[in-house]
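Remarks on the overall topology
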Amino acid sequence: MKTLDIYQRMIKLPLGHRLFSKAICFNAPYFSSIKPQIQQLKPSLCQVHMKKRRRVQNHLKTVHAIAMCNMAELSAGLMTEVSVPKGARWIPASMDVQYLKKAKTHLTAVADGRNIDWSQPGEVIVPVSVTDMQNQLVFSAQVRMNVKH
């Protein structure tokens with residue numbers, strides 16, 4: 001069963017978003033370090049929420065840079081997974097990031113693939129923006145994905 005089909009079925013259940021998020025972390029355990037909540041997933045869009053909690057903080061009591069990188073890779077990867085044509089494969093190749101502001105609150109990452117031509121194989125760049133609870137941009141990433149058809 002495809003990831004998008006699983007997501008669409010699970011979100012109809014009580015606590016469906018939470019269950020889907022846990023299933024993703026079971027499949028890719030490293031993502032569980034940030035306890036992500038996948039809030040929206042559809043072709044060309046993924047939105048992931050992460051609570052600011054002690055486990056993801058640095059010595060300044062702000063969200064650690066690598067926790068935001070983890071969030072960016074998760075949102076970009078899920079969005080790519082549900083956006084590529086049937087039978088296509090993908091893998092992240094690199095990620096360029098910018099830390100724009102101290103992340104002092106819970107965060108939301110949005111991977112936006114609306115301007116990507118998913119029909120073509122090769123390298124695509126997935127933009128990810130991470131905002132705080134005041135909708136201020138605190139982090140941005142460009143995740144390079146290698147897509148093979």
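Everything that follows concerns the structure shown earlier in this document.
Residues numbered from 1 in each chain as written. Predicted model: local features only at pLDDT ≥ 70, side-chain atom pairs only at ≥ 80, totals over all residues. Heavy atoms only, no water.

**Notes on the nonpolar core**
The line we're drawing: Residues enter a nonpolar core if they are buried and are Ala, Val, Leu, Ile, Met, Phe, Trp, Tyr or Cys, with the set joined through side-chain atoms within 4.5 Å. The buried label applies to any residue whose accessible area, calculated with a 1.4 Å probe on protein chains only, is under 20% of its type's maximum; exposed applies above 50%, and partly exposed to all values in between. In this description a helix means any DSSP run of H or I spanning at least four residues, a strand means any run of E spanning at least two, and both kinds are numbered starting from the N terminus. Throughout, a contact is declared for two residues whenever any of their heavy atoms are within 4.5 Å.
Core analysis: the biggest nonpolar cluster contains 43 residues, and L41, L107, V126 and V128 have the highest contact counts within it. Per-element accounting of this core gives the leading share, ten residues, to helix 3 (residues 65-83). Those residues in contact with V128, other than ones at most four positions away along the chain, are A72, S75, A76, A109, V110, A111, F139, S140, A141 and V143.

**Topic: the pairing of strand 1 (residues 37-42)**
The criterion, for reference: Note on pairing: DSSP must find at least two bridges between two strands before they are called paired.
Sheet topology note: the strand 1/strand 2 (residues 45-50) ladder contains five bridges and is antiparallel. The partner of Q40 across the bridge, within strand 2, is Q47.

**Considering the sheet that holds strand 4 (residues 107-112)**
As a reminder, the rule being used: Lines fitted to C-alpha atoms define the axes, with helix axes restricted to the stretch in contact, and inter-axis angles between N-to-C directions lie between 0 and 180 degrees.
Ordered in space as 1-2-4-5-6-3, the six strands form an open sheet in which the pairing is antiparallel. Each edge of the open sheet is held by one strand with a lone partner, namely strand 1 and strand 3 (89-99). Along the sheet, successive strands turn relative to each other by an average axial angle of 20°, direction set aside.

**Focus: the packing of helix 1 (residues 3-10) against helix 2 (residues 16-27)**
Applied cut-off: Ten residues, namely Ala, Val, Leu, Ile, Met, Phe, Trp, Tyr, Cys and Pro, are considered nonpolar, four, namely Asp, Glu, Lys and Arg, are considered charged, and the remaining ones, Gly among them, are considered polar.
Contact pair helix 1 / helix 2: the axes reach a minimum separation of 8 Å and the direction vectors enclose 145°. Mapping the contact onto sequence places T3, I6, Y7 and M10 in helix 1 and G16, H17, L19 and F20 in helix 2. Classifying every residue of the contact of helix 1 with helix 2 gives five nonpolar, three polar and no charged.

**Topic: the packing of aromatic side chains**
What counts, and what does not: Each Phe, Tyr or Trp ring (for Trp, its six-membered ring) is paired with any other whose centre lies within 6.5 Å, and the angle between the two planes then decides the class: stacked below 30 degrees, edge-to-face above 60, tilted in between.
For the structure shown, the criterion picks out two aromatic pairs. Considering the side-chain rings of Y7 and F20, the 5.1 Å spacing of their centres and the 75° angle between planes classify their relative orientation as edge-to-face. Taken together, the positions of Y7 in helix 1 and F20 in helix 2 put the pair 13 residues apart, joining distant regions of the chain. By relative accessible area, Y7 is classed as buried at 4%. Aromatic pair Y99 and F139: ring centres 5.4 Å apart, planes at 50°, arrangement tilted. Of this pair, Y99 sits in strand 3 while F139 sits in strand 6 (residues 137-148), and the two are 40 residues apart along the sequence. A residue is classified by how much of its surface remains accessible, and Y99, at 45% relative accessible area, is partly exposed.

**What to know about the side chain of H49**
Under the convention used in this document: Polar contact is the term for a pair of N or O atoms within 3.5 Å; when the atoms are in protein, one must be able to donate a hydrogen and the other to accept it, and sequence-neighboring residues count only if both atoms are side-chain atoms.
Note on placement: H49 falls in strand 2. The class for H49 is buried, based on a relative accessible area of 13%. Among the polar contacts listed, one links the side chain of H49 to the side chain of T108, at a separation of 3.4 Å. Ignoring anything within four residues of it in the chain, the contact list for H49 reads K35, P36, Q37, Q39, M71, H106, L107, T108 and M133.

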